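A structural walkthrough
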Amino acid sequence: MVGRLACGWLAVALLGGCGGGETEAFPPVDELPSILDPPPVLESASADDWSARRAEIAELLDHYVYGGTPESVPATGTEAAPILDVEGGRYVEVTVRYGPAAAPPIVLGLFLPEGVSRSPVMLALNKCGNHSLTTDPRIPESTAWAAESCADESGETRGARASLFPVARILERGYALATFHESDVDPDDASDRDRSDGIHPHLPVEGDAPWGTLAAWAYGVSRAVDYLESSSLVDGARIATVGHSRRGKVALLAAARDPRIAMAIPHQSGTGGVTLSRSDGGESVMAITLFFPHWFTPGFADFAGEEARLPLDQHFLVAMVAPRPLLAVDGVDDFWADPPGARRSIELADEVWELLGSEGAVELGDGTFDLTADLAWTTRPGEHSMVASDWEIFLDFADAHF
Ligand code: GTR
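Residues numbered from 1 in each chain as written. Predicted model: local features only at pLDDT ≥ 70, side-chain atom pairs only at ≥ 80, totals over all residues. Heavy atoms only, no water.

**Points about the pattern of salt bridges**
Cut-off, in case you're wondering: Any Lys or Arg side-chain nitrogen found within 4 Å of a carboxyl oxygen on Asp or Glu counts as a salt bridge. Secondary structure elements follow DSSP: runs of H or I no shorter than four residues count as helices, runs of E no shorter than two count as strands, and numbering proceeds from the N terminus. Classification of residues uses two cut-offs on accessible area relative to the type maximum, computed with a 1.4 Å probe and protein chains only: under 20% is buried, over 50% is exposed, and between them is partly exposed.
According to the stated counting rule, one finds 21 salt bridges in the structure shown. Arg247 is the partner of Glu182 in a salt bridge, and the nearest nitrogen-oxygen pair spans 2.6 Å. With Glu182 in the loop between β6 (176–181) and α4 (213–230) and Arg247 in helix α5 (residues 246–257), this residue pair connects regions lying 65 residues apart in the sequence. Each member of the pair, Glu182 as well as Arg247, is classed as buried. For the salt bridge of Arg309 with Glu306, the shortest nitrogen-to-oxygen distance reads 2.9 Å. A residue is classified by how much of its surface remains accessible, and Arg309, at 22% relative accessible area, is partly exposed. Here the residues in one salt-bridge network are Arg169, Glu172, Arg173, Glu392, Asp396 and Asp399, joined through shared partners.

What follows is the structure, given as structure tokens:
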């Protein structure tokens, strides 16, 4: 973790200028200026300067929000035999190993569409294990920790998340679905304040911004990409990350950090995802860091009630995906995920798509966005949930770009 900021917006706000070169260490919250408007994502109108600015943004997000990640440890994948026939295609489970030998592997479930070679891939975390996506008894049950809410009254977790993942329909539309149990990388345990479970003890992050669970999950997504990009079963150049809510935050974070991910579709990702921390609506930094402190680097909680001191906002994370296609989806009645704040974030990030030669977001006459454009935000009726019909929106967007 680099402890210094390049000369830029923050240095100007703090010091009134730079005087050349690098300036101060990442200041603590009480030394940061309080600025009500989200800071500008761009500091230069030249596309040549974007990669340096992008690197600076990545460091800001690592330091203040998510924590850093270990050096990249490329993964290897071993496919299980036999490949199973399932409705609409085939299923194979891949054991993805990375890091020290004792580190828990990722068990990547890969649903492949019938008759399509090298299909594009929707890559998504799941909450309860790969076996929770279908009632097929042949899909091995995950042995990793699962939340109590994964089980029905009889304690059964198989098929528990099937309503969120219309697997046969995804296959019918010509896409593969790659998914793994998030607990393979890090159990979603708020009491794990000292990062003692999951991948953390095996791959510690040195420095003053330890990684939280969202960063660990995103790192795991990249290890799945290590396998997918070299696999002959799918097209590694057409991988989209998809996720709902906390997993939507990860779909965005993973794509922001990993340029091999060709598309991001964060669904109702809310605070810590697409929506602005400076927004008046929805979940505050105080609420999210109170209930889910483990998701972030510990210092993010210092911005509770002090959001205006953040030297960034979530449109910085969105902008890191540019110029790749990104669709953010919200529910009209999902107050907690803050649809207006998400829309504003997309609008603020748009200038980076334009800088890089994309048309970016295209607002239509009725105030909605063109969902065939590279950057888009949309809502659908309803509250906070992911349902089968959401996938039609995701796959239509993917069809328009892949
Ligand atoms: C909520 C949390 C949100 C969102 C959601 C979810 O309780 O406040 O940030 O992540 O959980 O993942 O369903």
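**Notes on the layout of surface pockets**
What counts is decided by this rule: Only protein atoms enter the 1 Å grid, on which a cavity is a set of points fitting a 1.4 Å probe that cannot get out and a pocket is an open set with protein on both sides within 12 Å along at least 5 of 7 lines, lining residues being those with an atom within 4 Å of a point. Grid points are joined across faces, edges and corners, and a volume is the space filled by probe spheres set on the points. Amino acid classes used here: Ala, Val, Leu, Ile, Met, Phe, Trp, Tyr, Cys and Pro are nonpolar; Asp, Glu, Lys and Arg are charged; the rest, including Gly, are polar.
One number sums up the size of the second largest pocket: a volume of about 220 Å³. Val107, Ser142, Thr143, Ala144 and Asp184 are the residues nearest the centre of the second largest pocket, which is lined by 15 residues in total. When grouped by side-chain class, the residues that make up the lining of the second largest pocket number 6 nonpolar, 6 polar and 3 charged.

**Describing the confidence of the model for the chain**
Here is the rule: What pLDDT conveys is the predictor's confidence in a given residue, as a value from 0 to 100.
Here the chain shows a mean pLDDT of 93. Residues at 70 or above account for 94%. Per-element confidence in the chain ranges from a low mean pLDDT of 56 for helix α1 (residues 9–15) to a high of 99 for strand β8 (residues 263–267).

**Notes on empty space enclosed by the protein**
Summed over the entire model, instances satisfying the criterion amount to 5 cavities of 30 Å³ or more. Empty space within the largest cavity amounts to approximately 80 Å³. Lining the largest cavity are Ala124, Leu125, Asn126, Lys127, Arg161, Leu164, Phe165, Val242, Gly243, His244, Arg247 and Met386. For the lining of the largest cavity, the secondary structure elements donating two or more residues are β5 (119–126) and β7 (234–244). Of the residues contributing to the lining of the largest cavity, the split by class is 6 nonpolar, 3 polar and 3 charged.

**Points about the packing of α4 against α5**
Threshold: Whenever a helix is involved, its axis is fitted only over the stretch in contact; in every case the axis is a line through C-alpha atoms, and angles between N-to-C directions fall within 0 to 180 degrees. In what follows, roughly perpendicular refers to angles from 65 to 115 degrees, roughly parallel to angles under 35, roughly antiparallel to angles over 145, and oblique to any angle outside these ranges. Note on convention: the crossing is left-handed when the near helix lies turned anticlockwise from the far helix by less than a right angle, right-handed when the turn is clockwise. Residue contacts are defined here by distance: any two heavy atoms, one from each residue, within 4.5 Å place the two residues in contact.
Relative orientation of the contacting elements α4 and α5 amounts to 60°, with a least axis distance of 8 Å. What the angle tells us is that α4 and α5 run oblique. Between α4 and α5 lies a crossing whose hand is right-handed. Only Arg246, Lys249, Val250, Leu253, Ala254 and Arg257 of α5 make contact with α4, whose side of the interface consists of Leu214, Ala215, Trp217, Ala218 and Val221. When the residues that make up the contact of α4 with α5 are grouped by side-chain class, the tally is 8 nonpolar, no polar and 3 charged.

**With respect to the pairing of β8**
Every other side chain in a regular strand lies on the same face of the sheet, so the side chains alternate between the two faces. What counts here: Whether two strands pair depends on DSSP finding at least two bridges between them. Here the term right-handed applies to a crossover when the path leading from its first strand over the helix to its second strand runs clockwise, the strands being oriented away from the viewer.
Here β8 lies mainly inside the structure; 5 of its 5 residues are buried. Burial of β8 is two-sided: the residues Met263, Ile265 and His267 facing one way and the residues Ala264 and Pro266 facing the other way are all buried. Examined bridge by bridge, β7 and β8 share 5 bridges and lie parallel to one another. Residue pairing in the sheet places Val242 in a bridge with Ile265 of β8. What joins β7 to β8 is α5, and the crossover it makes is right-handed. Two strands pair when backbone bridges link them, and β8 and strand β9 (residues 326–331) are joined in this way by 2 bridges, in the parallel orientation. Paired with Ala264 across the strands is Leu326, a residue of β9.

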